[in-house]
Amino acid sequence: MTLAIDGSGGGGAGAAYELTVNGTARRVEGARPGDSLLHVLRDRLGLPGAKNACEQGECGSCSVLVDGVLVCACLELAEAAVGCDVTTVEGMAAPGAEPGDAALGGDMLTDVQRALVEAGGVQCGFCTPGFVVAVHDLLARVPDPGPLEVREALAGNLCRCTGYGRILAAVERVVGERAAAR
Amino acid sequence: MTDVRTPTRRGGSAGGRVGDSPIRPDGTPKVQGRFAFASDLHAEGMLWGRTLRSPHPHARIARLDVAPALALPGVACAVTAADVTGAATYGLIAADQPVFAADVVRYEGEAVAAVAADHPDAARRALEAIDVAYEPLDPLVDAGAAAGAPPIHPDGNVVRRIELRHGDPSVWGDVLVEGTYEVGMQDQAFLGPEAGLAIPDGEGGVDLWVATQWLHEDRDQVAACLGLDPGRVRLHLGGVGGAFGGREDVSMQVHACLLALASGRPVKMTYLRDESFVGHVHRHPARMRYRHHATWDGKLVAVEAEIVLDGGAYASSSSAVVANAARFACGPYRVPNARIDATVVRTNNPPCGAMRGFGAVQVCFAHESQMDRLAARLGIDPVELRLKNALGPGDVLPTGQAITGTAPVAECLRAAVAHPLPPPAGPGLLERPGGAGRTDDASRTRRGVGVAVGYKNLLYSEGFDDTSEAQVRLAGGVATVACAVAEVGQGFVTVAGQIVRTVLGCDAVVLEPADTASVGSAGSSSASRQTWMSGGAVERAARLVADQVRAALARRLGVAAEGLALTADGRLVGVDGAGAAVDVTVAEAAGDEAFVASAVHRHRPTTALDGRGQGEPDVSFVFAAHRAVVDVDPDLGLVRVVQVTTGQDVGRALHPTQVTGQIEGGIAQGVGLAVMEEIVVDGGLVRNPSFTDYLIPTIADMPEVLATCIEQPEPGAPFGAKGVGEPPTISSTAAVVAAIRDATGVDVTRVPVRPWDLV
């Protein structure tokens, strides 16, 4: 038996292309033309922060920003994101912190990340990166959302552990902190 | 490779003791996306494994040839039943499930073969290329007919039957209410798919990083199926994205190891969501006929019940689930006479096993529906009827076992109903039944309120030798804990640190990665047992370390060790040889010298059930009560759950925020079972294996939750803490349905409640 291990599944790798992820140009080689943005991020660029809970756009665990728009990375063709700015949870950092800093510690957390940890909004954590991205997106668009607006905006992010109570508490905390700082 | 070892915040952690709510040690990497879940793992040169599954619920395998798959580019190897090098079957309690089906498939999704290739798509194409042909057989899908049907498995169709007889079951009461109740098949729906990475060690053994609930049990099952000595199979915990019972059984573990050993390369397997729906066991569907007898003034006289659980094709933990259903069939009430027949049968439906609440959930829906029926029949308030019959300490259960610990049933119920009722729904779309569908007519929407109470056992029962082992090392002010607990999200990693800080008076605690090679079994992350069992092992090991430090300090000071007292906050207090006061933390007293101790924690022994379902099968019990408020659109049968309040018996809350998280999360799953969650199985085929069609509560569906913890320290439990994970799921479903009945007057007898049940 001969092994043809080129990582393309023998399906014919497409031409290499470049994605801008978290402000950095990343060359993608060996990917197949049909590969999703989620697959390329997780398995070719070593950015597993976007998660793979359903891979059909129902759970929000793969939430990323493409040119500032919140999308499910599992539903996006990776090649279609060429020329766009892709932001993943790995690119979320407190103001002043260097994105992708390998030594990221508690002090480098964004207000949303810190609130989720401190309010108890994290249990198994599989939905958490998606919530981090989605909450940042919501609060960037709507600085002072009402409770129902928060629920509607986050209804695309499933969590099976928390019952959402501590996640809502975390969002409320961030809204309050940002209002106080304005 | 991944390294999920994460030190806690060091220094100044006054908030890190038992009873505080420190942050999770794994919280920071989880919010940063840096925490390595099993599906995130990667190894150089790894292959992707995928599983060929039966499309039929029951069929003979007429032909199976993997050669066409092997001929495809990128495909490294394929394995079938013929390639299983050890035991052909596995199972949690009885090894009745084939690693790969050899001659016959017994459920849709049963594994038939597995392949490994260099890209997920290559693996998918390899599955399509496998030459397989089936001769379909009639599926046995009616659980009620299974016992009398031709056996679909050599072990027969009745997995276990319990005939519990307590007191004089022939006694009749003044009044009698009857009902038949059904519970649909619920899925754990953990978000992290089944996943693992198997790496051959080059010497015939294998390392497997995997998301599981019990590393050592998996190790033993995997080693048996590989035909290897358990020492040559090392399991390591990959990050676990939720579990809820669905990871108690082996899924991809054996397949990935077989592929890795066959190819000589690392093999990663990650299920897709549709595969996950057939790749793990589910909550047993149940059909339950009940008859309650009571006196005119509302005292329960007797309960009769016939319970049939559909176990699906393989046994899994069915025999333990049905025993729970039998033992807790009467609910948390004094019932002097009982006749409970509980059976779990084999069918060609998807296999069922453990899910949060484990048999107690199904019967709770039935016994609480019966209590409401009885209250209506007697004209007694439902809360009052429950209080009149509530179990308390010392009471005797239907097994004949007396409650020796705490049993705050009345306290839980009073606390649940003491919370304020919510205001009427506002005009916001998300506040109306049907939500953004804008379908309800506010003038016709009806509100209802219902209550329910439930209970179950903590820890493993029926004579099981339930143990957990831990090792604690203290040196240089840092305590290092080794314990093979599967952290599945519940927060054991936080609680373990709190316990160690409390006993040793230190701030810095490091948890070693969990694996099978460096420490003994911690048992399963199930049955609400890890805080008690592994928390107990960690506490015990830490106390042994404290004793060593005390002896060393006493030697240094030239005093008797007994002269130094270990305080509840981890300090050694006394006087030295010169009469001067000594007051140091254990960690300070240890200095740079290393102290190490291991401990195995066992709970007190329990017994098997005898032929009449009598015995001393349980260690401890945990109780909760729920009150639910719903709004119902009676025209479309749509329900909005507005509020759930609870009083929950927690023993002692070691981490109040995490306890709250367990309560809210458990109630979400109970609400889901009440109004939306069901795996629809038609002729043995799963019709909705996706999050598009299997709905779990979103943040928009989730009601307000108000919780009161009833803290009565449990004797024998570490710091008095009971497990808190399961109770929120037991009676919240029944409370929601009671509220729906109250709102609509419709006699709902099945969950989940569907729109067409109400119109």
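Here's the deal with the confidence of the model for chain A
(1) Moving on: For chain A, the mean per-residue pLDDT works out to 89, and 87% of the residues sit at or above 70.
(2) Moving on: The model gives residues 1-6 of chain A a pLDDT under 50, and that stretch makes 9 contacts with residues more than four places away or in other chains.

Observations regarding the packing of helix H5 (residues 215-226) of chain B against helix H6 (residues 253-263) of chain B
A pair of packed helices is captured by two measures, namely the crossing angle of their axes and the spacing between those axes.
Residue and element names in this part refer to chain B.
(1) Moving on: It is the contact of H5 with H6, at a shortest axis distance of 10 Å, that shows an interaxial angle of 45°. Judged by the angle between their axes, H5 and H6 are oblique. Considering how the two elements wind past one another, H5 and H6 form a crossing that is right-handed. Contacts between H5 and H6 involve Asp-218, Val-222, Cys-225 and Leu-226 from the former and Gln-253, Val-254 and Cys-257 from the latter.

Some details on the sheet that holds strand E25 (residues 595-602) of chain B
Residue and element names in this part refer to chain B.
(1) Moving on: Here we have 4 strands laid out as an open sheet, ordered E21-E20-E19-E25, and mixed in their pairing. Two strands bound the open sheet, and with one partner strand each, they are strand E21 (508-511) and E25. With strand direction ignored, the average angle separating the axes of adjacent strands in the sheet is 20°.
(2) Moving on: Of the pairings in the sheet, the one linking strand E20 (residues 478-483) to E21 comprises 4 bridges and is parallel in character. By the bridge assignment for E21, Val-478 is matched with Ala-508.
(3) Moving on: Running over the sheet, helix H13 (residues 530-557) touches strand E19 (467-475), E20 and E25 and is turned about 145° from E25.

Examining unusual backbone geometry
(1) Moving on: Cis peptide bonds are those with omega within 30 degrees of zero, and the linkage from B:Val751 to B:Pro752 qualifies with -5°.
(2) Moving on: With respect to the secondary-structure elements, B:Pro752 resides in the loop between strand E31 (750-751) and helix H18 (755-758).
(3) Moving on: Positive phi is not limited to glycine here, since A:Asp67 has a value of about 50°.
(4) Moving on: Within the secondary structure, A:Asp67 sits in the loop between strand E3 (63-66) and strand E4 (69-72).
(5) Moving on: Look at B:Ala527: it is not a glycine, yet its phi comes out positive at around 55°.
(6) Moving on: Within the element layout of this structure, B:Ala527 appears in the loop between E21 and H13.

What counts and what doesn't
- Residues numbered from 1 in each chain as written.
- Chains lettered and ligands numbered in written order.
- Predicted model: local features only at pLDDT ≥ 70, side-chain atom pairs only at ≥ 80, totals over all residues.
- pLDDT = per-residue confidence, 0-100.
- Contact = placed C-beta atoms within 7 Å.
- Axes fitted to C-alpha atoms, helices over the stretch in contact; angles between N-to-C directions.
- Helix = DSSP H or I, 4+ residues; strand = E, 2+ residues; numbered from the N terminus.
- Parallel < 35°, antiparallel > 145°, perpendicular 65-115°, else oblique.
- Left-handed = near helix turned anticlockwise from the far one by under 90°.
- Pairing = 2+ DSSP bridges.

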